[in-house]
Amino acid sequence: MEHVKVKKRDLVHKGTIVDIYKDVVVLPDGGIETWDYIEHRTGASAVVAALPGDKLLLVRQYRPAVERYTWELPAGGRGEDEDFEAAAMRELTEETGYTSKEFTHLMTLNSTPAFCNEKIEIYLASDCYKISEQDLDEAENIEVKEWDLEVLLEMIYSGQLQDAKTVAGICAYKAFSTSWKYDG
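Everything numeric in this text was worked out from a predicted model, so none of it was measured.

A separate point is the pattern of salt bridges. What the rule picks out here adds up to 15 salt bridges. The shortest N-O distance in the salt bridge between D10 and K8 comes to 3.5 Å. D10 gets classed as partly exposed once you look at its relative accessible area, which sits at 34%. Among the salt bridges present, the one from K119 reaches E121, with a minimum N-O distance of 3.4 Å. Accessibility expressed as a relative area gives 33% for K119, which makes it partly exposed. Taking relative accessible area as the criterion, E121 reaches 7% and is therefore assigned buried. Within the structure, one salt-bridge network assembled from shared partners comprises R63, E72, D163 and K165.

All right, on to the sheet that holds strand β3 (residues 32-40) then. Pairing between sheet strands relies on hydrogen bonds along the backbone, with the strands arranged either parallel or antiparallel. Spatial strand order, β1-β2-β3: three strands in an open sheet with antiparallel pairing. At either end of the open sheet lies a strand with only one pairing partner, and these are β1 (5-14) and β3. The mean angle between the axes of side-by-side strands here comes to 25 degrees, regardless of whether they run parallel or antiparallel.

V48, L56, I122, L152, L161 and I170 are the most contacted members of the largest nonpolar core, which totals 26 residues. Of all elements in the fold, only β4 (44-51), β5 (55-63), β9 (102-110), β10 (119-126), α2 (149-157) and α3 (164-178) reach the threshold of two or more residues within this core. Ranked by size, the runner-up nonpolar core spans 12 residues in total, among them L51, A88, Y123 and A125.

Quick look at unusual backbone geometry now. Even without a glycine there, the phi angle at E67 is positive, about 55 degrees. In this model, D127 sits at a positive phi of 50 degrees, which is unusual for a non-glycine residue. Within the element layout of this structure, D127 appears in the loop between β10 and β11 (129-130).

Cut-offs used in this document
- Residues numbered from 1 in each chain as written.
- Predicted model: local features only at pLDDT ≥ 70, side-chain atom pairs only at ≥ 80, totals over all residues.
- Heavy atoms only, no water.
- Salt bridge = Lys/Arg side-chain N within 4 Å of Asp/Glu carboxyl O.
- Buried < 20%, exposed > 50% of the residue type's maximum accessible area, 1.4 Å probe, protein only.
- Pairing = 2+ DSSP bridges.
- Helix = DSSP H or I, 4+ residues; strand = E, 2+ residues; numbered from the N terminus.
- Axes fitted to C-alpha atoms, helices over the stretch in contact; angles between N-to-C directions.
- Core = buried A, V, L, I, M, F, W, Y, C linked by side-chain atoms within 4.5 Å.

Okay, here's the thing in structure tokens:
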């Protein structure tokens, strides 16, 4: 199978965490198209934070792209020299004040591969416990709440939870906690 080839890539905007490009591509049939491409520079980590009793921690924050508050897994970009697991641990504590002694990689997710290279590594933090208050950035305003797994699944199926990393992480946790075991 022939592939699309990028003929030219022009930087349109350099952002704080993403860069936006305009690509001129050559299609397998020789046609020329212009595509948008968003490069997420560092990737991100997300955490399914499990508490005893099939409860999960989610965070609520305002998301300007969808113009509303959303409930999501604790998550964030990783530092330049930070590995994905360390970023997951850091984000969990910063956003919730919780930690865990056991982090297990659940999955790798490409959030929107049609136009963005963002890669999110999702981890399970088992038996989370509170160690501190939140340590939020100045612009962050994050609410933390414990949820029953079954309520979250109902929220997914009813369309109330729409964030891709959150839906994928909760569904992976459900599979992981009942029968499926990730073996790396």
